[in-house]
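Chain by chain, the residues:
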Amino acid sequence: MSNNNEIQLSDIEVATQKVVDRQLEAYNNRDIAAFAATYHDDVEIHEFPGGLRFKGKETLITTYGPKFASLKRLHAVSLTRIVNNNILVDHELAESCSEDPKVVDRSIRVIASYEVIDGLIKRVVFM
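Residues numbered from 1 in each chain as written. Predicted model: local features only at pLDDT ≥ 70, side-chain atom pairs only at ≥ 80, totals over all residues. Heavy atoms only, no water.

Notes on the packing of aromatic side chains
Rules: We call Phe, Tyr and Trp rings a pair once their centres come within 6.5 Å, taking the six-membered ring for Trp, and we label the pair stacked below 30 degrees between planes, edge-to-face above 60, and tilted otherwise. Secondary structure counts use DSSP, requiring at least four H or I residues in a row for a helix and at least two E residues in a row for a strand, with both numbered from the N terminus. Residue burial is assigned from relative accessible area. The probe radius is 1.4 Å, only protein chains are included, and a residue is buried under 20% of its type maximum, exposed over 50%, and partly exposed in between.
One pass over the full model with this rule turns up six aromatic pairs. Seen from their ring centres, Phe35 and Phe68 are 5.1 Å apart, and the 70° between their planes marks the pair as edge-to-face. Of this pair, Phe35 sits in helix H2 (residues 32-36) while Phe68 sits in helix H3 (residues 57-70), and the two are 33 residues apart along the sequence. Phe68 sits in the buried class, given a relative accessible area of 2%. Joined through ring pairs, the aromatic side chains of Tyr27, Phe35, Tyr39, Tyr64 and Phe68 make up one cluster.

Okay, structure coming up:
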């Protein structure tokens, strides 16, 4: 029996983390092209318990693009992360600044579950 509590991630789990990290980085940079590039063409965005909010990369771009363009700053960070195979669950803190990039006017904690298929985010459920 080992005293080492560190768990070795599988290749799938490493790849899942990488795509979600790229997505968070693009979100923080307000780079809609890089953000969209991390998503599957048929991505589904769900809200728990309400269900499907929207589907498809084009809708993702038209939903997030104006937000990225209008806000002075966006910043999301994973507070806690669980990854199992191609599913990653983050407890995230997301902040935005609409007038001054140094003044946060909106802060929200959210649980986001990401399903990654073929190296792209296929499904997200926000709670």
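Continuing now.
Focus: the pattern of salt bridges
Using the following cut-off: Salt-bridge detection follows one rule: a side-chain nitrogen of Lys or Arg within 4 Å of a carboxyl oxygen of Asp or Glu.
Using the criterion set out here, one finds seven salt bridges in the structure. Notably, a salt bridge pairs Lys55 with Glu44, separated by 4.0 Å at the nearest N-O pair. Here Glu44 lies in strand S1 (residues 39-47) and Lys55 lies in strand S2 (residues 51-55), a separation of 11 residues in the sequence. Taking relative accessible area as the criterion, Glu44 reaches 15% and is therefore assigned buried. For Glu44, the salt bridge identified is with Arg123, shortest N-O distance 3.0 Å.

A closer look at the environment of Val83
Note the following rule: Contact definition: two residues touch when any of their heavy atoms are within 4.5 Å.
Examined against the element boundaries, Val83 turns out to sit in strand S3 (residues 73-84). Residue Val83 is classed as buried on the basis of its relative accessible area of 16%. For the pair Val83 and Glu115, spaced 32 residues apart in sequence, the C-alpha separation works out to 10 Å. In this view, Val83 contacts Leu9, Glu13, Thr16, Gln17 and Leu88; residues no more than four positions away in its chain are not counted.

Remarks on the side chain of Ser96
By the element assignment, Ser96 lies in strand S4 (residues 87-97). Excluding anything up to four places from it in sequence, Ser96 contacts Leu71, Arg73, Leu74, Val103, Val104, Asp105 and Arg106.

Considering the pairing of S2
What counts is decided by this rule: DSSP-based pairing: two strands are paired if at least 2 bridges between them are found.
With four bridges joining them, S1 and S2 adopt antiparallel strand pairing. Residue pairing across strands places Glu47 opposite Gly51, the latter belonging to S2. Hairpin remark: S1 followed by S2, antiparallel, with three residues in the connecting loop.

Points about the side chain of Thr38
Residue position: Thr38 is located in the loop between H2 and S1. In this structure Thr38 comes out as buried when scored by relative accessible area, which is 2%. If near-sequence neighbours (up to four positions away) are discounted, Thr38 is found in contact with Val19, Arg22, Gln23, Leu120 and Ile121.

Considering the sheet that holds S4
Put simply, the rule is: Simply put, an axis is a line fit to the C-alpha atoms, just over the touching stretch for a helix, and the angle between two N-to-C directions goes from 0 to 180 degrees.
Spatially, S2-S1-S6-S5-S4-S3 is the arrangement adopted by the six strands of the open sheet, whose pairing is mixed. Across the chains shown, the open sheet's two edge strands, defined by having one partner strand only, are S2 and S3. Adjacent strand axes in the sheet meet at a mean angle of 25° when their direction is disregarded. Contacting S1, S3, S4, strand S5 (106-117) and strand S6 (120-126), helix H1 (residues 11-28) runs over the sheet at an angle of about 170° to S3.

None of this, on its own, says anything about what the molecule does.
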